[in-house]
Amino acid sequence: MKSRFHAAVYLLLFALMLQTANAACLSWDGGGDGTSFNDACNWTCNTVPGACDRAEFFGCGCLSPTINLAPGSPHTVNRFEQHAAANGTGCEVYTYQNGTINATCRGRFRTGTATFNCVTFNTCCFQVGRVNAGDTPTVNLNGACTTVTASSRISVGLNSSSATLNLSNGATASSNGANIRIGIGAGSVGHVTVASGATLETGPGCFQFEIGTNCGTGTLIATGATTTVRTSEDIDVGQTCGSATIDSTDATWDIEQDLIVARRCSTGWAEFSGGD
C-alpha cells in the first residue's frame, strides 16, 4: 500500500514538473504581421502564448503597436504583463483591441501606456504599478465594450510605484473578490479617473475602496452624470499616515456602508458636487 502511495506521489510530482517545464515566458516581438495576437511570428520562439504561459509586452525603445485580439479570441494565458526591458526606456505604448483575454493569474502593467478598446479582460488580480519605484504606468479603459473583471482585486500604485488608471466612455472595472486599492504603501502614488459614463465597482461581499493608505497617496476623481462608483462596503479616504482625495462632479456614488475620511494620522479630502 505504501509503495503504491509513493508511486502516486511521484507521478503527481512528475506531472507538475512537466507542467512547469512546458510553461514559457513569451514576448511580443512583432516579427509577423505586427498586430495579430494569434500570429505566432509576432512572438519569441514563434509560439502564441497559451494557458500555462506568460505573455509579455515590452521593448527596448519607444514602441507603439496596436494588438488585434479578434482572431482566435478568447485568448487564455497564465499572466499578461507589460513592462520595460532591462535596457528599455519605459515609454512603450500599446493599444489592445477587439477581443477577450483571460489571464488566470494576473494582469500586470508596470510601465508605459496601455489602452484597451473593446476588450474584455478577465483575471485574478489587475495590477497597475506594483513592483518598485521605477513603475510609472498608465492604463486607459475606453468604451462600453471594454470591461475588466478581477476575481480578486484591482490595485493602482503599490510598492513605491506611481500609477494611473483612466476609465471613460462607458468602460467598466470590477473587483469581485477583494478591495480596490489606490496608492498603498510608502512612496506609492495611485490616481484613478472615472468619467463619461464609466463604472468602477467592488462586487458583492464585504469589499471596499482603500485610497491613500500606509503612507501612500491616492486620488479618485469621478465626473459625469452617468458615471458610477459603487462599493459593497466602505470607502476609506486616507488611513494609517496616508494622503487621499476624492473629487466628484455630477457622478453617482453607491456606498453600502460608510465614507471614512482621514483616520490614523492621515490626511483626507472628499468633495462632491451634483450627482447622487
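Above this text sits the structure in question.
Residues numbered from 1 in each chain as written. Predicted model: local features only at pLDDT ≥ 70, side-chain atom pairs only at ≥ 80, totals over all residues. Heavy atoms only, no water.

Colleague: So what about the overall build of the protein chain? Which residues, and what values?
Modeller: When you go through the protein chain residue by residue, the secondary structure sums to 1 helix and 22 strands. Of all 276 residues assigned to the protein chain, the portion counted as buried reaches 47%. Summarising the internal contacts of the protein chain: among those between residues at least 6 apart in sequence, 72% fall at separations of at least 24. Taken as a whole, the protein chain presents about 11600 Å² of accessible surface, with 53% of it coming from carbon and sulfur. (Helix = DSSP H or I, 4+ residues; strand = E, 2+ residues; numbered from the N terminus. Buried < 20%, exposed > 50% of the residue type's maximum accessible area, 1.4 Å probe, protein only. Contact = heavy atoms within 4.5 Å. Areas by Shrake-Rupley, 256 points an atom, 1.4 Å probe, with all protein chains shown as cover.)

Colleague: Help me get a handle on a nonpolar patch on the surface, residues and values and all.
Modeller: Together, L259, V261 and F272 make up an exposed nonpolar region whose accessible area comes to about 220 Å². With respect to the helices, strands and loops of the structure, L259 is situated in strand β21 (residues 259-263). For L259, a relative accessible area of 36% gives the class partly exposed. (Patch = residues over 30% accessible without salt bridge, like charges linked within 9 Å, V, L, I, M, F, W, Y side chains within 5 Å. Salt bridge = Lys/Arg side-chain N within 4 Å of Asp/Glu carboxyl O.)

Colleague: Give a description of the state of the cysteines that names residues and reports values.
Modeller: Under the defined criterion, the tally for this structure stands at 1 disulfide. Between the sulfur of C118 and that of C145 lies a disulfide, 1.9 Å long from S to S. Judged by the sign of its S-S torsion, about -65°, the bond between C118 and C145 is left-handed. A residue pair is termed long-range when its members are at least 10 positions apart, and C118 in strand β6 (residues 113-128) and C145 in the loop between β7 (138-142) and β8 (147-150) qualify at 27 residues. Owing to a relative accessible area of 35%, C145 belongs among the partly exposed residues under this scheme. Lacking any disulfide linkage, C125 is separated from the closest cysteine sulfur, that of C124, by 3.9 Å. (Disulfide = S-S within 2.5 Å.)

Colleague: An account of the pairing of strand β18 (residues 235-239) is requested, with residue identities and associated values reported.
Modeller: For β18, a buried count of 5 out of 5 residues is recorded, marking the element as mostly surrounded by other parts of the structure. For β18 and β21, the ladder comprises 4 bridges, and the chain directions are parallel. Within β21, the residue paired with V237 across the bridge is V261. (Pairing = 2+ DSSP bridges.)

Colleague: I'd love a proper account of the packing of aromatic side chains, names of residues and values included.
Modeller: For the coordinates displayed, the defined rule picks out 18 aromatic pairs. Look at F57 and F80: their rings are 5.1 Å apart centre to centre, the planes differ by 40°, and that puts the pair in the tilted class. Of this pair, F57 sits in strand β2 (residues 54-57) while F80 sits in strand β4 (residues 75-82); the two residues are 23 residues apart in sequence, bridging distant segments of the chain. The exposure classification of F57 matches that of F80, with both residues buried. A network of ring pairs unites the aromatic residues W28, F37, W43, F57, F80, Y94, Y96, F109, F116, F121 and F126 as a single cluster. (Phe/Tyr/Trp six-rings, centres within 6.5 Å; stacked < 30°, edge-to-face > 60°.)

Colleague: I'd like to hear about the nonpolar core, residue by residue, with values.
Modeller: With 49 residues, the main nonpolar core has F57, F80, Y96, F121, F126 and L220 as its most contacted residues. Setting aside residues no more than four positions away along its own chain, F57 makes contact with W28, F37, W43, I67, F80, E81, Q82, H83, Y94 and Y96. (Core = buried A, V, L, I, M, F, W, Y, C linked by side-chain atoms within 4.5 Å.)

Colleague: So what about the pattern of salt bridges? Which residues, and what values?
Modeller: When the charged atoms of two side chains lie near each other, side chains of opposite charge can form a pair. Under the definition given, this model contains 7 salt bridges. Among the salt bridges present, the one from R110 reaches D135, with a minimum N-O distance of 3.2 Å. With R110 in the loop between β5 (93-109) and β6 and D135 in the loop between β6 and β7, this pair connects stretches of sequence that are 25 residues apart. According to the relative accessible area criterion, R110 is partly exposed, its value standing at 24%. The closest approach of N and O atoms between R230 and E201, which form a salt bridge, is 2.4 Å. You can see R230 sitting in strand β17 (residues 228-231) and its partner E201 sitting in strand β14 (residues 199-202), a full 29 residues away along the chain. For R230, a relative accessible area of 31% puts it in the partly exposed group. A single salt-bridge network, built from bridges that share partners, covers E201, R230 and D254.

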